[in-house]
Structures are given as structure tokens and as C-alpha cells.
Amino acid sequence: MEFITGLWDTFVALVHTFKLSDALDVLLVSFIIYNGIKLIRETRAEQLVKGIIILMGVYVASVVIHLNMMKTLLDYFFNFTIIALLVIFQPEIRRALEQIGRSKIGSKYWFQISSEEAEKVLQQKRKCINAVVEAAGKFQKSKTGALMVFEMQTKLGDIIDTGTIVNAEPSVPIIGNIFWNKAPLHDGAMVIRDGMIYAAGCILPLTKSDKVSIDLGTRHRAAIGMSENSDAIVVVVSEETGQISIAVNGVLTRNYTRETLQSALEALLLPEENANGEKRASRIPSIRRGRKS
């Protein structure tokens, strides 16, 4: 009974000293822990975390039952834990920092352009979407493999450096020539920047996820890998089946037609409001019609 009373008194004293800054502190730490768990969940980092927890349990046990050699060994290990964690979790830390960098906070003030320039960019993007959709439809019928990357906020300079600069107006003949199976650039990816075909023959990083279906080939794995490492929108056409897919944020959706591909790309690439300030209808459901891999 005295224990419960003492516990209650401690709780009441804590409540009386609790300030708004303490609540904010708790919320921020909880947010960081939650996002940290979400970041490593379903990745190889999850197994590493389990391993570290097991080592911590072994360390506690070695202290309790006086296993001095084991304790000393683990002491040396934990002395370098911070450096080890930075090395081990480098991909996850990089991904988290990139996600923070993609935040739109203040971007509308930092990167303002005139209404005329905005309208010009919008028209260029529409032209590019139309060309990609029409080309993808032709590739679907002829079963021509293609990999087309729309650069978003994350700049893909390191990916572009692996290919050849094209910097051409988007059109069905140009896209068709790039992915013609005897063309020198057909095996790589085409990168689209600001509605222009900027580079071709680019090499993309393959996904390291072991959750990807074994039915998917290198093109699809590269599309998923590119979308995992950046905010790029990747359209891929299968050479074996002619099936059209889109990779966004590490998720591949499949079975697109020309119509659903058009709707999905417009929803992903065009602004929420048109030039007259009217909100266009959301086309996100069109994306969900594709089957998630």
C-alpha cells in the first residue's frame, strides 16, 4: 500500500512540474522514434536492430552474472557503437535526410517563378506526358522494353552522368528511337527533366529489397530502386509482356492502359491547380487501379 501511495505522490509531483516545453519535448522525441521505426521496418536494418538488442541483453546478463571477459569485450564494442551505427545504417539515414530535404516547407517562397514561366513549364510537362503515354502505348503493343524517369525535386545528376545528354523536345519518334532494340541507348533509362528528354542510356540503382516478386526483371528492379533512392516517378514497359508499370516511393503498380497511365502521370506530375486557379479533379484513384507488386 505504501508503494502505491509513494508512486501516486511521485506522479502528482511530476504533473505539477510538467510544462508545455516538456510536452513538446515528449512529442518531438516520440515523432523521431516513430519515424525511425517506420524507416527501418521491413528492411535489412530491422535484423541489425534485433542483433543490437540481443547484444545489449547479453551485456546486461554478463554484468549480472559477472562474466568479466564478455563484459570487457562488449564494452569495447559499445565504445564504437555510434560510429558503427552511422556506417551500418548509412542507406537508411541518407533516405531519411532526403525525405526531409524533399519537404515543401518554404519551397514556394524560395523557388517562385512568374505566372508566364509557370504556364510554359506546365504546357511543356503536358506535352511530355502525352508523348510518353503515346510511346508507352506503342511499346505495349510491340513489347518493346522501356524505362522512363521523371525527375522531381531530387536532382539526378549522378544518374545522368552515367548516360548520354540528349536535351531534346519530347516526341514519340525520339522516344521510339531511344528504345529501339538495336539503338545503343535502349538498355538504359531515359531521364526527363522539366518536361524535356534530358538524358538516355542512364544506369539506375537496383532495389535491394527481398520483397520484390521473382517475376520482375532488371528493368522493374531498377525502377523500384530509383524510386526508393529519390522522389522520381518511373514508368517501365516490360519487354516480355508489354505490361506498363509505375514506380513511386519504392512501390510498383502494374497493369496500366494508355488511359490510366495518362491519368496517373497527370495526377503525379501536374500541379493541383490549373492556370485559372481552379482545382482539378484528383486522379490519384487511377494510380490505384494498377496492381501493386
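This text goes with the structure placed above it.
Here the structure is a predicted model, which is why all the values come from computation and not from measurement.

A. Main features of the overall build of the protein. When helices and strands are counted, the protein shows 13 helices and 8 strands. Within the protein, contacts between residues separated by at least 24 positions form 60% of all contacts whose residues are at least 6 apart in sequence. Of the roughly 18,900 Å² that the protein leaves accessible, carbon and sulfur atoms contribute 62%.

B. Representation of the environment of isoleucine 203 in the model. Note that isoleucine 203 resides in the loop between β4 (196-202) and α11 (218-229). Beyond its immediate chain neighbours, meaning those up to four positions away, isoleucine 203 contacts Ile159 and Thr162.

C. Examining a nonpolar patch on the surface more closely. Where nonpolar side chains cluster on the molecular surface, the patch consists of Ile54, Val58, Val60, Val64, Ile65, Leu67, Met70 and Leu73 and spans about 730 Å² of accessible area. Elements with a contribution of two residues or more to the nonpolar patch: α3 (44-64) and α4 (68-79). Per-element tally for the nonpolar patch: the top contributor is α3, with 4 residues. On the secondary structure map, methionine 70 appears in helix α4.

D. Representation of the side chain of serine 230 within the structure. Note that serine 230 resides in the loop between α11 and β5 (233-237). Residue class for serine 230 comes out buried when judged on its relative accessible area of 1%. A distance of 2.9 Å separates a polar side-chain atom of serine 230 from the backbone oxygen of methionine 226. In terms of polar contacts, serine 230 uses its side chain to reach the backbone amide nitrogen of alanine 232, at 3.2 Å.

E. Inspection of the pairing of β5 at higher detail. Counting buried positions along β5 yields 5 of 5 residues, so the element is predominantly enclosed. Here β5 shows two buried faces, one formed by Ile233, Val235 and Val237 and the other by Val234 and Val236. One ladder, built from 5 bridges, connects strand β1 (residues 146-150) with β5; its direction is antiparallel. Note on β5: the bridge partner recorded for alanine 146 is valine 237. The sheet contact formed by β5 and strand β6 (residues 244-248) spans 4 bridges and is antiparallel. Across the sheet, valine 234 pairs through a bridge with alanine 247, a residue of β6. The hairpin formed by β5 and β6 contains 6 residues between the paired strands, and glycine 242 there has a positive phi angle of roughly 75°.

F. Region of interest: helix α8 (residues 115-142). Given a rise of 1.5 Å per residue, 28 residues ought to cover 40 Å, and the 41 Å separating the end C-alpha atoms of α8 matches this to within 8%. The complete set of buried residues in α8 reads Leu122, Gln124, Cys128, Ile129, Ala131, Val132, Val133, Ala135, Ala136, Gly137 and Phe139. Once α8 ends, the next one or two residues include lysine 143, with phi positive near 55°.

G. Structural detail: the packing of α8 against helix α12 (residues 258-269). Packing of α8 against α12 brings their axes to within 10 Å, and their N-to-C directions diverge by 150°. Classed by the angle they form, the pair α8 and α12 counts as roughly antiparallel. Viewed along their axes, α8 and α12 form a crossing whose handedness is right-handed. Together, Lys125, Arg126, Ile129, Asn130, Val132, Val133, Glu134, Ala136 and Gly137 of α8 and Arg258, Leu261, Gln262, Leu265, Glu266 and Leu269 of α12 make up the contact between the two elements. Residues that form the contact of α8 with α12 fall into these classes: 7 nonpolar, 3 polar and 5 charged.

H. A look at the pattern of salt bridges. Across all of its chains, the model carries 5 salt bridges by this definition. In this structure, glutamate 151 engages arginine 193 in a salt bridge whose closest nitrogen and oxygen atoms are separated by 2.6 Å. Of this pair, glutamate 151 sits in the loop between β1 and α9 (157-160) while arginine 193 sits in strand β3 (residues 189-193), placing them 42 residues apart in sequence. Where glutamate 239 meets arginine 219, a salt bridge forms, and the shortest distance between an N and an O atom there is 3.1 Å. In this pair, glutamate 239 is assigned in the loop between β5 and β6 and arginine 219 in helix α11, connecting sequence segments 20 residues apart. Classification of glutamate 239 as partly exposed rests on a relative accessible area of 39%. Given a relative accessible area of 17%, arginine 219 falls into the buried group. When salt bridges with common partners are traced through the structure, they connect Glu151, Lys155 and Arg193 into a single cluster.

Definitions and limits used
Residues numbered from 1 in each chain as written. Predicted model: local features only at pLDDT ≥ 70, side-chain atom pairs only at ≥ 80, totals over all residues. Heavy atoms only, no water. Helix = DSSP H or I, 4+ residues; strand = E, 2+ residues; numbered from the N terminus. Contact = heavy atoms within 4.5 Å. Areas by Shrake-Rupley, 256 points an atom, 1.4 Å probe, with all protein chains shown as cover. Patch = residues over 30% accessible without salt bridge, like charges linked within 9 Å, V, L, I, M, F, W, Y side chains within 5 Å. Salt bridge = Lys/Arg side-chain N within 4 Å of Asp/Glu carboxyl O. Buried < 20%, exposed > 50% of the residue type's maximum accessible area, 1.4 Å probe, protein only. Polar contact = N/O pair within 3.5 Å; in protein donor to acceptor, adjacent residues only side chain to side chain. Pairing = 2+ DSSP bridges. Expected span 1.5 Å × (residues − 1). Axes fitted to C-alpha atoms, helices over the stretch in contact; angles between N-to-C directions. Parallel < 35°, antiparallel > 145°, perpendicular 65-115°, else oblique. Left-handed = near helix turned anticlockwise from the far one by under 90°. Nonpolar A, V, L, I, M, F, W, Y, C, P; charged D, E, K, R; others polar.

Geometric values such as these leave the question of function open.
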